Amino acid sequence: MAGTVGLGIIGCGQIAPAHIRNSQDDPRVRWVAACDVRPEAVEQRADEFGIPHRYTAVEDLLADPEVDAVIVATGPEAHVGPAVAAFEAGRHVLVEKPVAVNAGQVEAMMAAQREGLVGACCSARFRSTPGARAATELIASGELGPVRRLSADVLLPPPANYDGTSPFFLHRPGWGGQGILADWGCYDLDFLLGIAGWAHDPELVLAAMGGVPARYRAIAEPVNDVEVGVAAQARMTGGAALDYRRATFAAVDAQRGAWRIECEHGALDLDLMPGSPQAVVHRYAADGVHSETLVDEPYEWPIIHRGPVIDFVEAILEGRAPMTGLRHALVLQRLTDAMYESARTGTAVVCGG
Ligand SMILES: NC(=O)c1ccc[n+]([C@@H]2O[C@H](COP(=O)([O-])OP(=O)(O)OC[C@H]3O[C@@H](n4cnc5c(N)ncnc54)[C@H](O)[C@@H]3O)[C@@H](O)[C@H]2O)c1
């Protein structure tokens, strides 16, 4: 049907309902197919949302002429296979975050992406909010001048009444050997680099990581040997610096986080989470620094789940690039890969090309 997009979801696990529920009221969206290797998962999701076509093999979903585009919502280690197959079958693809487990997998997706097909990633999720959009427009206007420093510093306490079952990357086998950096770093880094207009690629990266604190390890074991804390710095193209810290199991009594973009003529303080204010701008002036709230009100969670799906559908219908295309996702993945390599080798890692 003209002006609409027939969507199929590949992977009917935990996140699938967030995609369907928060986009199904848009007249341009037609949820036509669902696929999961677990038949009971397909039936459950398809019944829940009245999705007519049900499959247990990706190739069968891709043979369905009503499917124009797919959302790949399998685990990160299983994104590349369905994404490549979908591009080869001439479908547009929105991939869940993190886009992949290494840059080579993103390059494989890009190699399969035919001319005219949209390839997007859900790491853009937290840039769907009014605060992030206002910040993006302000940076793009040039009023604050060139970006000098991108930073995020986020600390989460251990899960309350910790019983050794979460976060999932500690306990789910086959996750891919990656922890908090893969799971949340893609959001933080997409947020900062995307708001800054994707004008900064990593040149040199230095990172260190740590595992679960001993007190909690005693409860949790056996656990996947992945990082729960990361500290990283990077020199970026265009003369910008990246200063990044995120940890879970941190010794804090409540979550705290700060996301900031410093520029030649001022700075932005941002909240990726639904706090208030969402975005504050600080401008150098003759008598000091003037601060102004750009967006005050917190957002509601559905906005961040709806955002990437509607952006994907609009990108298809309008023939434009999505918020985070695969080219951008590759930058994020290279940066992440370099952080893992630096932490493993204890040396700074040169990024390029
Ligand atoms: N759970 C969340 O809160 C959440 C939030 C945001 C993003 N995500 C992202 O969404 C993705 C999925 O996460 P989830 O929590 O829904 O995982 P999940 O394990 O609950 O669901 C994944 C589903 O994919 C199916 N699957 C695996 N390989 C398949 C294949 N080749 N073909 C068809 N189906 C296949 C599995 O059977 C499973 O039902 C991940 O990339 C994750 O990072 C999850």
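Before any of the text, the structure's been laid out above.
Note that the structure is predicted; figures quoted are calculated from it, not measured.

**Describing the sheet that holds strand β5 (residues 92-95)**
Part 1: With parallel pairing, the 6 strands of this open sheet are ordered in space as β3-β2-β1-β4-β5-β6. The open sheet is flanked by β3 (53-55) and β6 (119-121), the only strands paired with a single partner. Neighbour-to-neighbour, the strand axes of the sheet open up by a mean angle of 25°, direction not taken into account.
Part 2: Bridge analysis of strand β2 (residues 29-35) against β3 gives 3 bridges, and the strand direction is parallel. From the neighbouring strand, Ala34 faces β3, where its bridge partner is Arg54.
Part 3: Here helix α2 (residues 39-49) sits on the sheet and contacts β2 and β3; the angle it forms with β2, its principal contact strand, is near 160°.

**Overview of the pairing of strand β9 (residues 229-236)**
Part 1: As judged from the 8 bridges shared by strand β8 (residues 202-210) and β9, these two strands associate in the antiparallel manner. Bridging from a neighbouring strand, Leu206 pairs with Gln233 of β9.
Part 2: Two strands pair when backbone bridges link them, and β9 and strand β10 (residues 241-247) are joined in this way by 7 bridges, in the antiparallel orientation. Bridging from a neighbouring strand, Arg235 pairs with Ala241 of β10.

**Considering the sheet that holds strand β15 (residues 349-350)**
Part 1: Sheet architecture is open: 9 strands sit in the order β14-β13-β12-β11-β7-β10-β9-β8-β15, paired in mixed fashion. The open sheet has two edge strands, β14 (288-295) and β15, and neither has a second partner.
Part 2: With 8 bridges connecting them, strand β7 (residues 147-155) and strand β11 (residues 256-263) associate as antiparallel partners. Counted as the bridge partner of Leu150 is Ile261 from β11.
Part 3: In the packing of helix α8 (residues 180-195) onto the sheet, contacts are made with β7, β9, β10 and β11, and the angle to β10 comes to roughly 145°.

**Brief notes about the nonpolar core**
Buried together is how nonpolar side chains tend to be arranged in soluble globular proteins.
Part 1: One finds Ile9, Ile10, Cys35, Leu192, Val205, Ile261 and Met339 to be the most contacted residues of the largest nonpolar core, which totals 113 residues.
Part 2: Here the element with the most residues in this core is α8; it accounts for 11 residues.
Part 3: Shared between two domains, this core holds at least three residues of each, these being domain 1 (5-117) and domain 2 (129-298 + 333-350).
Part 4: Those residues within four positions of Ile9 in sequence are excluded, and the remaining contacts are Ala16, His19, Ile20, Ala34, Cys35, Ile71 and Ala73.

About the thresholds
- Residues numbered from 1 in each chain as written.
- Predicted model: local features only at pLDDT ≥ 70, side-chain atom pairs only at ≥ 80, totals over all residues.
- Pairing = 2+ DSSP bridges.
- Helix = DSSP H or I, 4+ residues; strand = E, 2+ residues; numbered from the N terminus.
- Axes fitted to C-alpha atoms, helices over the stretch in contact; angles between N-to-C directions.
- Contact = placed C-beta atoms within 7 Å.
- Core = buried A, V, L, I, M, F, W, Y, C linked by C-beta atoms within 7 Å.
- Buried ≥ 20, exposed ≤ 12 C-beta atoms within 10 Å, placed from the backbone.
- Domains from an automatic or database assignment.

All quantities given are derived from atomic positions and should not be read as evidence of function.
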